[in-house]
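Summary of the model geometry
What follows is each chain in one-letter form.
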Amino acid sequence: MSKVTVVGAGNVGATAANVLAVKNIASEVVLIDIKEGVAEGKAMDIMQTAQLLGFNTVVKGVTNDYSATAGSDVCVITSGIPRKPGMTREELIGVNAGIVKSVASQLLQHSPNAIIVVVSNPMDTMAYLTLKATGLPKNRVIGMGGALDSSRFKYFLSQKLNCNAQDVEGFVIGGHGDTTMIPMARFATYKGMPVTNFMSEAELDEVVKSTMVGGATLTGLLGTSAWMAPGAAIAFLVNSIINDQKKMIPCSVYLDGEYGCKDIFIGAPCIIGKNGVEKIVELPLNDKEKELYAASYAAVAKTTAVLKEINAL
């Protein structure tokens with residue numbers, strides 16, 4: 001029996017709960033939200049597809065009742081507010097830090113052994129906050145962003161190659177942001193062969209640029225943040241934990257010397273299993289990639305410094 005809690009029943013959280021259920025990843029999924037009736041309604045909506053789609057997962061929705069989350073193996077935090085017009089980055093961090101810290105504390109009261117997956121923005125910084133505020137071991141706090149960014153990278157690669165997305169491999173490291181993520185073009189493959197065998201450097205550079213603005217592109221088209229791929233990326237990551245798949249997934253994790261970085265959450269390839277982050281994989285970066293990673297680290301560190309300045313910890 002496995003249990004997953006998803007905090008925040010908005011588009012991303014509800015989609016994650018739906019994918020977790022449809023793919024039978026967990027025996028039970030608890031969807032919790034602060035707004036009366038929202039989690040209950042979305043859970044009921046999902047459960048009314050069980051017979052149609054043939055899944056056995058039980059999805060429950062509750063309003064602010066963290067006792068219902070007791071015994072969760074994995075807890076996913078999607079709650080928080082988006083940046084509003086006129087709101088500074090510092091204000092956004094301050095508001096979401098308060099939300100995330102409160103949520104993490106309540107989750108651990110009822111599920112002290114849970115692994116926490118952080119999705120709330122700014123994600124790298126909120127993952128850092130979660131680790132420092134809870135005192136959890138670093139393997140049990142994971143930021144989801146790299147799984148999503150890598151999925152978008154593979155999508156754009158498959159589009160440019162006009163091939164099945166399942167035949168493409170690629171991943172993204174660095175910070176979870178338009179200017180901080182690093183699609184690792186040198187390691188991208190099509191059926192095990194470098195993608196540069198099938199496309200020009202200019203075409204590959206176009207794919208990299210499209211990946212970096214992938215979230216912003218969708219926001220422009222939809223008028224709001226995307227939710228299908230983020231929700232699926234959450235479920236993909238949780239699946240590797242719940243079923244001890246030991247997949248290599250780029251995640252935002254706490255670095256303490258790896259890649260020359262210390263005291264920060266930033267994206268790196270990781271082996272993800274039942275213990276959470278079971279290994280951080282250090283890639284042999286070339287000089288250009290080291291330069292990009294150092295710049296990403298500096299940008300994420302600047303945002304994390306804001307968190308410290310506003311005394312969120």
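The sections below set out a description of the structure shown in this document. Fair warning: this is a prediction, and the values are worked out from it, not measured in the lab.

It is worth spelling out the environment of T189 at this point. With respect to the secondary-structure elements, T189 resides in strand β10 (residues 189-190). Residue classification places T189 among the buried residues on the basis of a relative accessible area of 19%. Between the C-alpha atoms of T189 and T63, which are 126 residues apart in sequence, the distance is 45 Å. Once you skip the residues sitting within four places of it in the chain, T189 turns out to touch D167, V168, E169, P194 and V195.

The next point concerns the sheet that holds strand β11 (residues 193-194). Spatially, the three strands line up as an open sheet ordered β7-β10-β11, and their pairing is antiparallel. Strand pairing shows two members of the sheet lacking a second neighbour, β7 (168-169) and β11, which therefore form its edges.

Right, let's get into the pairing of strand β4 (residues 74-77). The alternating pattern of β4 places V74 and V76 on one face and C75 and I77 on the opposite face, and all of these are buried. With four bridges connecting them, β4 and strand β5 (residues 115-118) associate as parallel partners. Directly across from V76, in β5, lies its bridge partner V117.

This paragraph deals with the side chain of T5. Here T5 lies in strand β1 (residues 3-7). In this structure T5 comes out as buried when scored by relative accessible area, which is 0%. Ignoring sequence-local partners within four residues, the contact set of T5 consists of V30, I32, T69, S72, V74, C75, V76 and L107.

Rules and cut-offs
- Residues numbered from 1 in each chain as written.
- Predicted model: local features only at pLDDT ≥ 70, side-chain atom pairs only at ≥ 80, totals over all residues.
- Heavy atoms only, no water.
- Helix = DSSP H or I, 4+ residues; strand = E, 2+ residues; numbered from the N terminus.
- Buried < 20%, exposed > 50% of the residue type's maximum accessible area, 1.4 Å probe, protein only.
- Contact = heavy atoms within 4.5 Å.
- Pairing = 2+ DSSP bridges.

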